[in-house]
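What the coordinates show
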Amino acid sequence: METAEPQTRARIEVENVSRLFGQTAALDAVSVRLEKGDFSVLLGPSGCGKSTLLRLIAGLDRQTSGTIRIGGADVGDRSPSARDISMVFQSYALFPHLSVSENILFGLKVRRVDKAERQERLERVAGMMGLMPLLSRKPSELSGGQQQRVALARAVISERPICLMDEPLSNLDAKLRADMRVELRAIQQKLGLTVVYVTHDQIEAMTMADRIIVMNQGRIEQVGTPEDVYARPATTFTAGFIGMPPMNLFPARDLAGSPLLPGDVSHSHLVGLRPEDLFVAESGPEAQLSGIEYLGADRLVSARLGATNFVMRTPASAAPPAARFALGWAAGRQSVFDAATGARLAQFDQLSASTSTTKKDHTHETA
Ligand code: ATP
């Protein structure tokens, strides 16, 4: 019996959920709310608890404590099949002896959906996913990307409002992965699916997510849009995890010589600066060049300031820096963190120092 309102039917609420394996907390008092129609990505390094959280939402595992609600109802006692969800995993788990259409229709047959409706849904979903010409083939006659689409079609045809995915693109080559990201996002938006997607690939997270849930050691570090987690990391962990290369973290005392540092930043704080926000300035703290990587459009400049190694991204059209150069950054773009707790200090957001400094090299700034 379905009692929840349509707008909350696909909402997932995780409240204070822990999962212990012996002494190890795979999840430690995690709380998060995933809204209907959102593409939410669980992102974090290996072992941070992403898959554990997904398996608990799916009902494939049971939490040690805490509550999971789907559509407002506590699903603690419900089996996976009673949770109104579909799932797509890294291994597609297609039946090798069944054709593509039989694979896609398998779940509907088990649920005894009548034949005419099955056919109608098959044509709609297979049409949408470009699978019509492949319906009579066996999985062994498909490419990896085609197999992945079949696995996805099998989830979509169930018309369940929530789809849980665990690294579904990780077996594909880079080109196919890029295509599938676009395709997957388009299908999710078209159908208004609530998707919870596990990955450690931040490109997938940045390109597909409405909301990224950054996890570390069984806890949530930050929940935010891709822009939030990139531009305003809530912790030094997120700052160092998101971005390629990640945000540089300087002890504030090493930047004390810069007119760009807001006056009330304490010397014991950490100042985070993205590689693309750094530049060679007329004056400022002196950095020593250690290497340059040419990437075509950009150069990645490795350098050292005090005891900190950092990376600066400069346009390839700008002259490479000298062996010693003054470091500047885009005014107001710094993130300031408490060095002891790693937490972002929001009072320094968007704050520029009263003085400004100029870039030494303007050659890349075309009018
Ligand atoms: P990955 O990206 O490597 O899959 P993950 O973020 O999905 O990692 P989980 O698989 O959720 O991580 O594991 C979280 C922690 O719980 C890890 O330390 C892992 O070793 C531990 N763990 C997971 N499942 C079990 C289990 N069945 N028994 C014991 N420990 C487990």
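Let us look at the structure shown here.

Conventions used here
Counting of residues starts from 1 at the beginning of each chain's written sequence and follows it residue by residue. Where local features are concerned, this predicted model is filtered to residues with pLDDT of at least 70; where side-chain atom pairs are given and counted, the filter is 80 or more; whole-chain, interface and lining totals use all residues. Only hydrogens and water are removed before side-chain values are computed, so all heavy atoms of the structure are retained for them. Residues are classed as near a molecule or strand on a simple rule: at least one heavy atom within 4 Å of it. We call two N or O atoms a polar contact when they sit within 3.5 Å, provided that within protein one can donate a hydrogen and the other can accept it, with sequence-adjacent residues counted only if both atoms are side-chain atoms. Accessibility throughout is a Shrake-Rupley quantity obtained with a 1.4 Å probe, and a residue counts as covered only by protein chains that appear here. Numbered from the N terminus, helices here are DSSP runs of H or I no shorter than four residues, and strands are runs of E no shorter than two. Gly is placed with the polar residues, together with every amino acid not listed as nonpolar (Ala, Val, Leu, Ile, Met, Phe, Trp, Tyr, Cys and Pro) or charged (Asp, Glu, Lys and Arg). In this analysis a 1.4 Å probe is tested at points of a 1 Å grid over the protein atoms alone, and where it fits but cannot get out there is a cavity; an open set with protein on both sides within 12 Å along at least five of seven lines is a pocket; lining residues have an atom within 4 Å of a point. Grid points are joined across faces, edges and corners, and a volume is the space filled by probe spheres set on the points. Any residue under 20% of the maximum accessible area for its type is buried, any over 50% is exposed, and the rest in between are partly exposed; the area is computed with a 1.4 Å probe on protein chains only. Only when DSSP finds a minimum of two bridges between them are two strands counted as paired.

1. Here's the deal with the site of the ligand
Close to the ligand lie Phe21, Ala26, Pro45, Ser46, Gly47, Cys48, Gly49, Lys50, Ser51 and Thr52, which account for all nearby residues. A distance of 2.5 Å separates an oxygen atom of the ligand from a polar atom in the side chain of threonine 52. Protein chains bury 56% of the 630 Å² of accessible surface belonging to the ligand in isolation. The element contributing the most residues to the shell around the ligand is helix 2 (residues 50-58), with three residues. Considering only residue class, the shell around the ligand consists of four nonpolar, five polar and one charged.

2. Notes on the layout of surface pockets
For the largest pocket, the calculated volume is near 590 Å³. Looking at the largest pocket, it is lined by 24 residues, and the ones nearest its centre are Ser86, Met87, Gly107, Arg154 and Arg160.

3. Digging into empty space enclosed by the protein
Going through the model one piece at a time under the given rule, you end up with one cavity of 30 Å³ or more. Approximately 40 Å³ is the volume found for the largest cavity. Lining the largest cavity, in full, are Leu152, Val156, Cys163, Met165, Leu184, Ile187, Gln188, Leu193 and Val195. Where the lining of the largest cavity is concerned, the elements lending two or more residues are helix 5 (144-156), strand 7 (162-166) and helix 6 (174-191). Among the elements that make up the lining of the largest cavity, the one with the highest residue count is helix 6 (three residues). Split into classes, the residues belonging to the lining of the largest cavity amount to eight nonpolar, one polar and no charged.

4. Focus: the environment of serine 283
When you line up the elements, serine 283 lands in strand 13 (residues 278-294). Judged by its relative accessible area of 38%, serine 283 falls in the partly exposed class. For the pair serine 283 and histidine 267, spaced 16 residues apart in sequence, the C-alpha separation works out to 20 Å.

5. Quick look at the pairing of strand 1 (residues 12-21)
Successive side chains on a regular strand alternate, one facing one side of the sheet and the next facing the other. The pairing of strand 1 with strand 4 (residues 65-70) spans five bridges and is classified as antiparallel. Following the sheet pairing, glutamate 13 is matched in strand 4 by arginine 69. Here seven bridges tie strand 1 to strand 2 (residues 24-34), and the two strands are oriented antiparallel to one another. Note that in strand 2 the partner of leucine 20 across the bridge is alanine 25.

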